[in-house]
Amino acid sequence: MPSKQIRKQSVSVTRGARRRDEDSGTDVGEGTDEWSQSKATVRPPDQLELTDAELKEEFTRILTANNPHAPQNIVRYSFKEGTYKLIGFVNQMAVHFSQVGNLIPKDSDEGRRQHYRDEMVAGSQESIKVVTPEAETLEEEEEPKEGEGEAEAEAEAGSQTDIPAAAETTEKVIEEELMAPVQPKERKLTNQFNFSERASQTFNNPLRDRECQMEPPPRTNFSATANQWEIYDAYVDELEKQEKTKEKEKAKTPVAKKTEKMAMRKLTSMESQSDDITKVTQAAKIVERMVNQNTYDDVAQDFKYYEDAADEYRDQEGTLLPLWKFQNDKAKRLAVTALCWNPKYKDLFAVGHGSYDFMKQSRGMLLLYSMKNPSFPEYMFSSESGIMCLDMHVDHPYLVVVGYYDGNVAIYNLKKPHSQPCFRSTSKSGKHTDPVWQVKWQKDDMDHNLNFFSVSSDGRIVSWTLVKSELVHIDVIKLKTEGSTTEIPEGLQLHTVGCGTAFDFHKEIDYMFLVGTEEGKIYKCSKSYSSQFLDTYDAHNMAVDAVLWNPYHTKVFMSCSSDWTVKIWDHTIKTPMFIYDLNSAVGDVAWAPYSSTVFAAVTTDGKAHVFDLAVNKYEAICNQPVVAKKKNKITHVQFNPIHPIIIVGDDRGHIICLKLSPNLRKMPKEKKGQEVQKGPAVEIAKLDKLLNLVREVKTKT
């Protein structure tokens, strides 16, 4: 730093005296030159000598927010990496003094209110102080002095008469003010600042860093050396152990071996299903459904809200919108042989997997899918023989009866976790000798026992009853083809057995049911008569694939066959009322649950056909290919009981869900001032109207 220059100060008094001496002409003393020379500046010896450019140079100082005294080398130990690490972020703010002020601006609302309040208090106090002294002075006022004039005495006398009256009025006012109850004013606790009120302020808790410290796991260093002899000895010991176990197994009996295997299976199953997994199964299922709903959100939106807008511009045509596709890798090469909706849970349906090719029979599977989770089945059961048919109980929706290709029938209970059926027929308990093509639950018998019926290619229609945990069978009827008896020389008669393929029970008449056969005939049978038929219909030229009663009309039923036709019958007339040729073998048909005139049919060329007799009684109002490949054959179709959707299954094990467009489920339109009649009676009348037209034509011909 350059040293400060030392300067001598000159005294202004001496300068003024010197000037006066010069003006007056008087001589000044000898010391005047020394005094004037003493004003010269003296430089210190260590002062820096700077040039003019260096003196004119400007230096700018920049103020930053960084604290120069903040430490920059703080180091802490990191347990994760096991070393000391330098901390990069350091708090640079240093607070030297802080104080909360309580000043209120005069221009603010709070300042004006306080100023007004102070003025009111000051004014009330002054009024009390002014009134009370006047009253006292008026009472203590002295009489007029002697020597004053008569006029002044009279004036004073007049004023004295007025003063007591004024004093009385003021005293009354003060008494009234004092007697009146003083009501405290409600003071609102407002904030001392203007931007907010106390009621709207919230206290934000500071963020906390939670840290935990744990002891590291113990570590040990292990080292060993292995040579060829040690390895050889270890192999020899292992071989000796294996030989000893083989000798022990030879000594055991076969019964002991089976029990040991069963015990090992139980142990492995218990180990695989631990308590931790079973506790979260319900939660995991819900989470899986939520994930699938997000994955297939567009499909779910279409299922709920989409309607084909093009139906408004076409009267007699409709479309099918593909929704979900259900498939499982374990049932990849198995055909869909049966479909059935659950009667209680309308989003759940059962699928039977098997094979219609008798040369390629392997195994079967029973899967239950839910529309809430299209990616994986809710229940899965496997069987050694292919499943050809199934049905779910109306009152007990957890009971599923199935029919196998080997002729057996079985009942699965969905409430029980094991994968084997609860009840199963055997060769000793009256199993069929040919594949079971259809099974149907019936009402409980007189003893409230569960029972169902089955039909097979062996010509037997069997009633199965569940009595004391056993399946008891009774042959209801045996199918015999008419005019096919042959006589043997010994005098015996041989009857050709009819092969049953499908049957259905009447919705109101319990004892009556229909049976379709491979010969193309349909028999109307009764549970009471086991030797003869109520009626016979020459229905088709090939095997009857399905027979179904109309859900509304008690006289009408429908049949389909591999001869490419679908026929609608009145069971009181032996000839069909309507015949539809679909140009391919018909695999299955189904009545719609919402209308008596709507039904669907699927063909082996991969198409789905939807008919509405009330709209068009000559041809289908929807012919749409459902399966992508032409080689795929559609085998079955089912309507959902409440939703406007159908499901179809093919021979590759896929199940496709399709939504019906508005034209395929037309309901009667409401007219102004008229209520639309709905219900079974309206549906019966609608179908009767069509049947009467056909009957009139037949009678004329």
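Residues numbered from 1 in each chain as written. Predicted model: local features only at pLDDT ≥ 70, side-chain atom pairs only at ≥ 80, totals over all residues. Heavy atoms only, no water.

Undergrad: Account for the overall build of the protein, naming residues and giving values.
TA: Of the regular secondary structure elements, the protein holds eleven helices and 32 strands. For the protein, the proportion of its 701 residues judged to be buried stands at 33%. Across the protein, every contact between residues at least 6 apart in sequence was considered, and the portion connecting residues at least 24 apart equals 48%. Of the accessible surface of the protein, which amounts to about 49900 Å², a share of 53% is contributed by carbon and sulfur atoms. (Helix = DSSP H or I, 4+ residues; strand = E, 2+ residues; numbered from the N terminus. Buried < 20%, exposed > 50% of the residue type's maximum accessible area, 1.4 Å probe, protein only. Contact = heavy atoms within 4.5 Å. Areas by Shrake-Rupley, 256 points an atom, 1.4 Å probe, with all protein chains shown as cover.)

Undergrad: Explain the sheet that holds strand β23 (residues 556–561) to me, using residue names and the numbers behind them.
TA: Taking strand neighbours across the sheet as the criterion, the four strands line up as β22-β23-β24-β25 in an open arrangement whose pairing is antiparallel. Bordering the open sheet on either side are β22 (544–549) and β25 (578–581), each of which pairs with just one other strand. Strand after strand, the sheet turns through a mean of 15 degrees between neighbouring axes, direction not considered. (Pairing = 2+ DSSP bridges. Axes fitted to C-alpha atoms, helices over the stretch in contact; angles between N-to-C directions.)

Undergrad: Quick rundown of the pattern of salt bridges? Include the residues and the values.
TA: A complete count under the given rule lists 13 salt bridges for this structure. The salt bridge partner of Lys 659 is Glu 307, with a shortest N-O separation of 3.9 Å. Highlighted residues: Lys 659 in strand β32 (residues 655–660) and Glu 307 in the loop between α10 (297–305) and β3 (320–326), separated in sequence by 352 residues. Residue Glu 307 is classed as partly exposed on the basis of its relative accessible area of 37%. Note that Asp 538 and Lys 521 form a salt bridge whose closest N and O atoms lie 2.6 Å from each other. Here Asp 538 is found in strand β21 (residues 535–538), whereas its partner Lys 521 is found in strand β20 (residues 521–526), with 17 residues between them in sequence. Accessibility expressed as a relative area gives 27% for Lys 521, which makes it partly exposed. The network of salt bridges with common partners includes Lys 285, Arg 289 and Glu 378. (Salt bridge = Lys/Arg side-chain N within 4 Å of Asp/Glu carboxyl O.)

Undergrad: Could you give me a rundown of the sheet that holds strand β31 (residues 645–650), with the residues and numbers involved?
TA: The strands that make up a sheet pair up through hydrogen bonds in the backbone, lying either parallel or antiparallel. Here four strands make up an open sheet; going across it, the order is β3-β32-β31-β30 and the pairing antiparallel. Edge positions in the sheet fall to β3 and β30 (634–639), since each of these pairs with one other strand and no more. The average angle at which neighbouring strand axes cross in this sheet is 25 degrees, direction not considered. Where β30 meets β31, five bridges bridge the pair, whose relative direction is antiparallel.

Everything listed here is a matter of coordinates, which is why it stays silent on function.
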